[in-house]
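# Chain and residue survey
Residue strings, one per chain:
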Amino acid sequence: MMKNLEISRVVQTRYGSFAEAAGRAATSCCSKPPTSSCCAPRQALYDESELALVPELARNLSRGCGNPTHFAKLQPGEVVVDFGCGGGTDLILAAHKVGERGKVIGIDFAQQMIEQAKEAVAQAGLHDEMIELRHASLDNTALANACADVLISNCVINLCPDKDAVYLEAFRILKPGGRLAISDILLTEPIAADLRNRFQSISAGCIGGAIPEDDYLRTLKNAGFVAVLIVSRHPLVGVELDDMARCPGEEYTPAPLSKDLDQVRGKVESVKFTAIKPS
Ligand SMILES: C[S@@+](CC[C@H](N)C(=O)[O-])C[C@H]1O[C@@H](n2cnc3c(N)ncnc32)[C@H](O)[C@@H]1O
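The structure reproduced in this document is the subject of the present report. (Residues numbered from 1 in each chain as written. Predicted model: local features only at pLDDT ≥ 70, side-chain atom pairs only at ≥ 80, totals over all residues. Heavy atoms only, no water.)

### Observations concerning the side chain of Thr-274
As for its placement among the helices and strands, Thr-274 is situated in strand 7 (residues 268–276). Excluding anything up to four places from it in sequence, Thr-274 contacts Phe-71, Leu-180, Ala-181, Ala-227, Val-228, Leu-229 and Val-231. (Helix = DSSP H or I, 4+ residues; strand = E, 2+ residues; numbered from the N terminus. Contact = heavy atoms within 4.5 Å.)

This is how it looks when you write it as structure tokens:
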């Protein structure tokens, strides 16, 4: 069984290599035709008016499973933190919503991803005072206590082996009354330990790290969050499930055994929810 540190290192290395390759169009999976399973479903998460605000670099790096700025109800002047910002799509959309008086802080532990997000933010014509990018792990962001109004995250916390630590950190940095708007991958029911271990050791990815919804909700509650509201849920079927098992792309993550994939079919969901840090 892989240890937490080992899992985090594999995830960090894979997303780092993926970010690096995005600078070289020929090896980016999104250089493939738009029907490619690797790109099309994610691009469909955003509408045309949103995509028009996001440079191609960030769009190519987008590996979310939802669109948190759609349901975060962001207001002008708010401070937003994006946990696992990747190439910056949600950062850019959030910055347009909070405006010049607001601020958006993106955190990612893949240095190459931070570099690409900085480039994407510059290409989007947004300045440094509006979007700050930090290279850090989500369980130890070094952000000040109670500095944020809203914390968004898109398809990231499933990858974190210590979800308790990540949600405690989220709770710490939110202001009293602050809120979460999260899109993540969860399981509808527990899966056998050996199956989970195989997903974890082969792909160290979104399915290996996904936990049952009940356990996930307990983690939120233990961290102190209240009023958890499931905004929507979407079962991953067909190519979406295969794609998620090999995130960020087939060049980076080995294929799980097809018999293992068959065993999780119908048990993996993309869930969008909000929750509150009590005042
Ligand atoms: C599936 S991608 C999603 C990126 C982005 N949110 C999006 O929607 O495109 C996951 C991102 O989370 C980052 N990540 C995963 N675990 C992390 C951790 N423990 N600390 C910081 N970043 C992490 C990865 O480096 C990667 O950029």
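What follows picks up the thread again.
### What to know about the pairing of strand 4 (residues 148–154)
Counted residue by residue, strand 4 has seven buried out of seven residues, so it is predominantly covered. Here strand 1 (residues 79–83) pairs with strand 4 via four bridges, running parallel. Its bridge partner lying in strand 4, Val-80 is registered against Val-150. Pairing of strand 4 with strand 5 (residues 174–187) involves six bridges; the strand directions are parallel. Counterpart to Val-150 in the pairing with strand 5 is Arg-179. Between the parallel pair strand 4 and strand 5, the chain is carried across by helix 8 (residues 163–173), and the sense of this crossover is right-handed. (Buried < 20%, exposed > 50% of the residue type's maximum accessible area, 1.4 Å probe, protein only. Pairing = 2+ DSSP bridges. Right-handed = clockwise from strand over helix to strand, strands pointing away.)

### Overview of the site of the ligand
Neighbouring the ligand are 22 residues; Arg-63, Gly-84, Asp-108, Leu-138 and Asn-154 lie closest to it. In this structure, a nitrogen atom belonging to the ligand sits 3.1 Å away from a main-chain N or O atom of Asn-154. Relative to its unbound accessible surface of 590 Å², the ligand loses 97% to contact with the protein. Using a 2 Å cut-off from the grid points, one finds that the ligand occupies the largest pocket. Of the residues contributing to the shell around the ligand, the split by class is 13 nonpolar, six polar and three charged. (Near = heavy atom within 4 Å. Polar contact = N/O pair within 3.5 Å; in protein donor to acceptor, adjacent residues only side chain to side chain. Areas by Shrake-Rupley, 256 points an atom, 1.4 Å probe, with all protein chains shown as cover. 1 Å grid on protein atoms, 1.4 Å probe; cavity = no way out; pocket = protein on both sides within 12 Å on 5 of 7 lines; lining within 4 Å. Sits in = over half its atoms within 2 Å of the grid points. Nonpolar A, V, L, I, M, F, W, Y, C, P; charged D, E, K, R; others polar.)

### Details of the sheet that holds strand 7
Taken together, seven strands build an open sheet; the order of strands is 3-2-1-4-5-7-6 and the sheet is mixed. The sheet is open, and its two edges are formed by strand 3 (131–135) and strand 6 (226–235), each paired on a single side. Each strand of the sheet is rotated relative to its neighbour by a mean of 15°, with strand direction disregarded. Pairing geometry for strand 2 (residues 103–108) and strand 3, over five bridges, is parallel. Its bridge partner being in strand 3, Gly-106 is matched across the sheet by Leu-133. Relative to the sheet, helix 7 (residues 111–123) contacts strand 2 and strand 3, its axis offset from that of strand 3 by approximately 170°. Running at roughly 165° to strand 5, helix 10 (residues 213–223) makes contact with strand 5, strand 6 and strand 7 of the sheet. (Axes fitted to C-alpha atoms, helices over the stretch in contact; angles between N-to-C directions.)

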